[in-house]
Amino acid sequence: MMMEISARRRVTNAVMLSLSGICTLLVIGVLFFILGYLLWEGARSLNLDFFTKLPKPSGETGGGMANAIVGSGKVLLIATLIGVPIGFLAGVFLAEYSGKMFAFTLRYTVDLLNGVPSIVVGIVAYALVVRPMGHFSALAGGVALGIMMIPIAVRTTEEFLRSVPNSMREGAMALGATKAKTIFTVVVPAAISGLLSGMMLNLARVAGETAPLLFTALGNMFWSHGWLQPIATLPVMIYNYALAPDEDLHQQAWAAGFVLLALVLVINITARLIIARGAAGLRR
Amino acid sequence: MASSTYITDELRSLRNGGLLQRLRGGDEIAYLITLASAVGILLLVALLVLELWSNSQPTVKTFGWSFLTSSKWDPNSGKFGALPFIYGTCVTSLLALIIAVPLGVASSIFLAEMAPPKFSNILTFLIELLAAVPSVIYGLLGIFILVPLIRAYLVPVLTKTLGFLPIFQGDFYGVSFLSAGLVLSVMVVPFIISVSREVLIAVPVEQREAALALGATKWEATWQIVIPNASTGIIGSVFLALARALGETMAVTMVIGNTPKITASLLSPGYSIAAVIANEFAEASGSLYISSLIFLGLVLFGLTIVINAMARLLILTTSRRGV
């Protein structure tokens, strides 16, 4: 009798444990499938024209997405200029100055902002920038993505500044440095590699955002001059081309997806490796 | 604490006439600038809520609560009702959870309890990369890979074996609640795995050892001792995933079919809150149309905020108790 139950238990044990392994394999399998498929489709459709030419008018084949690549760069530049300084400074405040109650409130608010769906941020950027100006623009897209960058910028800054040992602050202050001088010449430099990688991760996260750009940056089949015109971006191009009833455009969407994913993953992996190495260094 | 000592410092330096010197040294300026940024973020969030609220007033005034319960969405005749979108958002998110939760929890058990730590870290790293893939790329793969696969393999099997259920009846065009739910499940699974794994790891080793010492198998120790201890945090991770699924826009927009209707069949095309905003906002004309879309945005905002807040609370309590 005992043996029988024991056998049943052993079988349950083996079955359930292998099932959990199979589930993990399945999830990892999905990742490699995505990478593999995009690599295959994207590499087939990618050529030099993609990087150097403008989109062709509908009906003609060929052309590229040079304007969307530059456009994504411009929108991301605005987003970084908005999101990183505000987030960084607020993070410094959280880590170095803030009292407990205020810190809790700010942290909670930042978490809330982080949870706001990107499409809702798009609506707000529309109401704040597009409507008053009367037209879609690169600036509006940048504002939307900039707002989305703030939460991670705050939390990254706070986290990495907190990981700097207090003895460094005390050392600097003992030498007569003011608090500000301590923070900006001792604490921030000590955390700089983590801060930079965190900001890179942040940028990679918003680089693929599409929803907030749909009705802020809109899109453009031509070059967009300055910062106040509608502008093409890679994610929005992928969206539009994927839904277009044209095989040639689908191929271009794959190529754009490949470029976007490669960009996001390369930044992501680099930043994570730098952070992991920094953490290992601190432990030693 | 720190800020109050700072303020007294400031007062003292004012009294001593040293403010100018301190300003030149940048000390006060640095404090004020960082404070301004911090307060600025609080104001920004307030502004965000205010903008959503004030811009949705025309709809609130015209339809009131019936906006949320009406299922008629006809911009041409000025009739706006949110129900089909709320329904679509809920159905696709629930479907995503039904698939993603068992898969995610099982994977996190493997990663936390069975895999050697080094191996587990590498696998987790890879899984977290899945979360970094932009949603428009999931949409792209959804349209061109997943939908054809579902049409060729999954739907024939489903209608043959479970076709007596109303949820698997009707014609299948490819784009549907089912496709959207499947794409969403792939998108949220990394969140469940990475949070649940953390929570499982936080359960003290002694509990496992005690169970094993009493003769439990590895699985029994995990299922009857570790999982119940970590359950609050795991539920938190599920809420986190739910919030992501509710707000997810691009991938859903690309595969859900964008048809505002309410049917029991998962094989039928539908619509979601985020998808209708993405699809119709740029072309919406008339203030009532735009304000209805913004009101939908406010509903989505409210839903995700509440669920996120619950998720954070649950995860916080477990990780505190666990350590």
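Our subject is the structure listed above.
Here's a quick rundown of the structure.

A word on the overall build of chain A
Piece 1. Along the backbone of chain A there are 11 helices and 0 strands.
Piece 2. Helices (α) and strands (β) of chain A occur, in sequence order from the N terminus, as α-α-α-α-α-α-α-α-α-α-α.
Piece 3. Its C-alpha atoms give chain A a radius of gyration of 24 Å, clearly above 19 Å, the size a compact globule of 284 residues would have.
Piece 4. Dimensions along the principal axes, computed over C-alpha positions, put chain A at roughly 75 × 65 × 35 Å.
Piece 5. Considering chain A as a whole, with its 284 residues, one finds that 49% of them fall into the buried category.
Piece 6. For chain A, restricting intrachain contacts to residue pairs at least 6 apart in sequence, the fraction spanning at least 24 positions comes to 72%.

Considerations on the packing of helix α7 (residues 166–174) of chain A against helix α8 (residues 179–190) of chain A
Residues and elements named next belong to chain A.
Piece 1. Interhelical geometry of α7 versus α8 gives an angle of 150° and a closest axis separation of 10 Å. When the interaxial angle is binned, α7 and α8 end up roughly antiparallel. In terms of crossing hand, the pair formed by α7 and α8 is right-handed. Two secondary-structure elements touch here, α7 through Met168, Arg169, Ala172 and Met173 and α8 through Thr182, Val186, Val187 and Ala190.
Piece 2. A breakdown of the residues in the contact of α7 with α8 according to their chemical character gives 6 nonpolar, 1 polar and 1 charged.

Thoughts on helix α5 (residues 118–133) of chain A
All names here are of chain A.
Piece 1. The end-to-end C-alpha distance of α5, which contains 16 residues, comes to 22 Å, matching closely the 22 Å that a straight helix rising 1.5 Å per residue would cover.
Piece 2. Along α5, the sharpest kink reaches roughly 40°, centred on Tyr126.
Piece 3. When we look at burial in α5, the residues that qualify are Ser118, Ile119, Val120, Val121, Gly122, Ile123, Val124, Ala125, Tyr126, Ala127, Val129 and Val130.

Focus on the nonpolar core
Piece 1. Ile238 of chain A together with Ile192 of chain B are the most contacted members of the largest nonpolar core, which has 189 residues in total.
Piece 2. The element contributing the most residues to this core is helix α3 (residues 66–97) of chain A, with 17 residues.
Piece 3. Taken together, domain 1 (2–55) and domain 2 (66–322) of chain B each give at least three residues to this core, which thus spans both.
Piece 4. Look past the residues within four positions of Ile192 of chain B in its chain and what remains in contact with it is Ala100, Val101, Gly104, Val105, Ser237, Val238 and Ala241 of chain B.

Examining the environment of Asp171 of chain B
Piece 1. Mapped onto the secondary structure, Asp171 of chain B falls in the loop between α8 (135–162) and α9 (177–202).
Piece 2. Put simply, Asp171 of chain B and Leu126 of chain B are 45 residues apart on the chain and 38 Å apart in space, counted from C-alpha to C-alpha.

Parameters and conventions
Residues numbered from 1 in each chain as written. Chains lettered and ligands numbered in written order. Predicted model: local features only at pLDDT ≥ 70, side-chain atom pairs only at ≥ 80, totals over all residues. Helix = DSSP H or I, 4+ residues; strand = E, 2+ residues; numbered from the N terminus. Rg over C-alpha atoms; globule rule 2.2 N^0.38 Å. Buried ≥ 20, exposed ≤ 12 C-beta atoms within 10 Å, placed from the backbone. Contact = placed C-beta atoms within 7 Å. Axes fitted to C-alpha atoms, helices over the stretch in contact; angles between N-to-C directions. Parallel < 35°, antiparallel > 145°, perpendicular 65-115°, else oblique. Left-handed = near helix turned anticlockwise from the far one by under 90°. Nonpolar A, V, L, I, M, F, W, Y, C, P; charged D, E, K, R; others polar. Expected span 1.5 Å × (residues − 1). Bend = angle between axes of the 7 residues up to and from the residue. Core = buried A, V, L, I, M, F, W, Y, C linked by C-beta atoms within 7 Å. Domains from an automatic or database assignment.

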